Amino acid sequence: MLSLEQQQLGLLAILRDRPAELPSDPWLKSIAKSDGLKMIHHIAGWWQRFQIEAQCRYTSRLMKRVGCFEHNVEEYFNIHPTPPSIEELTTQFLSSVKHDDNPLLSAVAHFELACLRLNDETANTQTVVWDRDPSEVLLALESFGPLPGPEPKTRFVMCLSALLPGSVSCVREELST
Amino acid sequence: MASVGPQTTTRLHGPALATTYEGLGIDLLQQIVPLVDYLEIPPDSISRTQEGRTWLRPESLDEIESVTPQVGLIVHGIGLSIGSFDRWNDSYIQLLDAFFSRFTPRWHSEHLGYTTVSGENLGTMLALPRTEAMLDLICERIRLLQERYRVPFLVEHIIHLLPDAPADYTPAGFVNEITSRTGCGLILDAYNLECDRNNFNFDIAEFLDELDLGPVKELHVAGGFEGDGFMLDIHSRPTADSTLDLARTIIRQCPNLEIVTYEILKEAIPTMGYAGLCAELSRVRGAIASC
């Protein structure tokens, strides 16, 4: 019979889909092909999507519009273990999306991450650069309206800090070529 | 030999009623507090984590304190991971320390399961193997909790989604060993029992017949839903009539049962609505009042 350590590490390997770490054991083999395991994965995926939708309101809405929400969330959690707290889940996910190649998605995720950090008194002023008017973007996501397009030779520099009046400022800058 | 039915107990009044409070705000509290005797507080759910540090939200503690003249508190943990082979979750202990520094709940409790292995979150809670090795581990940890917090400690069985590991004990025998070795109390969950019956043909009557019901102090009821043939313990709906029937059966057999808790996830409350939640609390109260 497996020791407690072997049992639990084996289950961890199954849940994380790491077959190389799986000891040879008939019970663990029965777990790996059980309907219950599929249900656990199904519940975990549903829960992750639910929390991302609830906590990352704008980012998840934009991802759905782009058509990458389901795929990207699943891919993200396949690679990254689910942290125990919702705050960590949210901030880690947004930190990842912040580096997306899509500049609008990157800016929206960065903005939501900066909003979450507004309550952190030790956080410095955070700057988010947009290629289009962020207020129009957020309004469109809030109302499910059409998104504005990028403005050529223009950028919007948004600063977020608890020390700023209203916690946010935004400056429109013309870019010289 | 003639069979003997389970002993039953009769109370002058039904057991006390509790419901979950996960920090949704004073408006909700003002609605539910007049309907219950206790609030079930999961410390994990009123905590905040940032940069690896976890603490109880001060605003949630203030809300709870504002209603403690009218209602008692019980603490029900999710994140201790009492059955992890390597260690339990120290950050949950810090949450408990902080809670106990401000409140004295009637008791605190945790699930017989584990959520982390080698510090890695499983993303689910898994049931304990019913072995001697697990008994040694868990009874020692229960003793540590009993020494640390001078209020009763209760454990609760959880639903199974995976086939059982090789075991030295029956489900009831394992729980009996825990309660008899440590003196801890027990929470029975009528909905969890129904889930296990649906998912694995678990024999509830046989379980209750073998179980020492003396340590049972609290009973949980809840409503969930089915997916792909599985009944799931996602507490999101009103309690089914069958669950309340089972609850009444259990209450009548447990001489020391004090509290029935209707459990509901905060994520489900917007759908259920405050009025729906209040109606459900009144319904559960009515169902258990005559027990």
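Reading the values: the criteria
- Residues numbered from 1 in each chain as written.
- Chains lettered and ligands numbered in written order.
- Predicted model: local features only at pLDDT ≥ 70, side-chain atom pairs only at ≥ 80, totals over all residues.
- Helix = DSSP H or I, 4+ residues; strand = E, 2+ residues; numbered from the N terminus.
- Rg over C-alpha atoms; globule rule 2.2 N^0.38 Å.
- Buried ≥ 20, exposed ≤ 12 C-beta atoms within 10 Å, placed from the backbone.
- Pairing = 2+ DSSP bridges.
- Axes fitted to C-alpha atoms, helices over the stretch in contact; angles between N-to-C directions.
- Contact = placed C-beta atoms within 7 Å.
- Nonpolar A, V, L, I, M, F, W, Y, C, P; charged D, E, K, R; others polar.
- Parallel < 35°, antiparallel > 145°, perpendicular 65-115°, else oblique.
- Left-handed = near helix turned anticlockwise from the far one by under 90°.
- Core = buried A, V, L, I, M, F, W, Y, C linked by C-beta atoms within 7 Å.
- Expected span 1.5 Å × (residues − 1).
- Arc of directions from axis to C-beta.

Enquirer: Before we move on, could you go through the overall build of chain A and cite the residues and values that matter?
Expert: Scanning chain A for helices and strands turns up eight helices and three strands. Starting at the N terminus and ending at the C terminus, chain A contains elements arranged as α-α-α-α-α-α-α-β-α-β-β. In terms of overall size, chain A is more extended than a compact globule, its C-alpha atoms giving a radius of gyration of 21 Å where 177 residues would be expected to give roughly 16 Å. Taking the principal axes of the C-alpha coordinates as reference, chain A spans close to 70 × 35 × 30 Å. Expressed as a percentage of its 177 residues, the buried residues of chain A come to 24%.

Enquirer: Go over the sheet that holds strand E2 (residues 154-160) of chain A with me, naming the residues and quoting the values.
Expert: All names here are of chain A. Taken in spatial order, the three strands of this open sheet run E1-E2-E3, and their pairing is antiparallel. The two strands at the open ends of the sheet, each matched to only one other strand, are strand E1 (126-130) and strand E3 (168-174). Within the sheet, the average angular offset between the axes of one strand and its neighbour, ignoring direction, is 20°. Two elements, E2 and E3, share seven bridges in a ladder whose sense is antiparallel.

Enquirer: A description of the interface of chain B and chain A should follow, citing residues and the corresponding values.
Expert: Each partner contributes to the interface: chain B provides 29 residues, whereas chain A provides 28 residues. Breaking the side of chain B that touches chain A down by element, the ones donating at least two residues are strand E3 (47-50), strand E8 (120-127), helix H4 (132-148) and strand E13 (230-237) of chain B. Of the residues assigned to the side of chain B that touches chain A, the class counts are 15 nonpolar, ten polar and four charged.

Enquirer: I'd love a proper account of the packing of helix H4 (residues 57-66) of chain A against helix H7 (residues 103-116) of chain A, names of residues and values included.
Expert: Residues and elements named next belong to chain A. At their nearest, the axes of H4 and H7 sit 9 Å apart, and the two run at 165° to each other. Here H4 is positioned roughly antiparallel relative to H7, judged by the angle of their axes. Both H4 and H7 take part in a crossing whose hand is left-handed. Listed contacts from H7 to Tyr-58, Thr-59, Leu-62, Met-63 and Val-66 of H4 are Leu-104, Leu-105, Val-108, Ala-109 and Glu-112. Tallied by class, the residues present in the contact of H4 with H7 amount to eight nonpolar, one polar and one charged.

Enquirer: Talk me through the environment of B:Leu186; I want residue IDs and the actual numbers.
Expert: All names here are of chain B. On the secondary structure map, Leu-186 appears in strand E10 (residues 185-189). The exposure class assigned to Leu-186 is buried, which follows from the 26 C-beta atoms found within 10 Å. Linking Leu-186 and Leu-257, residues 71 residues apart in sequence, is a C-alpha distance of 9.4 Å.

Enquirer: Kindly report on the nonpolar core, identifying the contributing residues and their values.
Expert: Counting residues in each nonpolar core, the largest one holds 82 residues, and the members touching the most others are B:Ala190, B:Leu219, B:Val221 and B:Ala247. The contact partners of B:Ala247, leaving out residues within four places of it in the chain, are B:Ala190, B:Leu219, B:Val221, B:Val260 and B:Ile288. Counting residues in each nonpolar core, the second largest holds 23 residues, with A:Cys56, A:Met63, A:Phe111 and A:Val128 among its members.

Enquirer: Lay out the pairing of strand E12 (residues 223-227) of chain B in plain terms, naming residues and giving numbers.
Expert: Residues and elements named next belong to chain B. When E12 meets E13, the two strands line up antiparallel, connected through four bridges. Bridging across to E13, Phe-225 finds its partner in Leu-232. Hairpin connection from E12 to E13: two residues lie between these consecutive antiparallel strands, with Asp-228 at a positive phi of about 50°.

Enquirer: Account for unusual backbone geometry, with residues named and values stated.
Expert: Residue and element names in this part refer to chain B. Despite not being glycine, Asn-201 shows a phi value in the positive range, around 55°. Within the secondary structure, Asn-201 is located in the loop between helix H6 (190-200) and helix H7 (204-210). Even without being glycine, Asp-228 reaches a positive phi, approximately 50°.

Enquirer: Lay out helix H8 (residues 241-253) of chain B with the relevant residues and their values.
Expert: Residues and elements named next belong to chain B. The end-to-end C-alpha distance of H8, which contains 13 residues, comes to 19 Å, matching closely the 18 Å that a straight helix rising 1.5 Å per residue would cover. Among all positions of H8, only Thr-243, Leu-244, Leu-246, Ala-247, Ile-250 and Ile-251 are buried. With its buried residues spanning 160° around the axis, H8 presents them on a single face. For H8, the exposed residues lying more than 90 degrees away from the buried face are Asp-241, Ser-242 and Asp-245.

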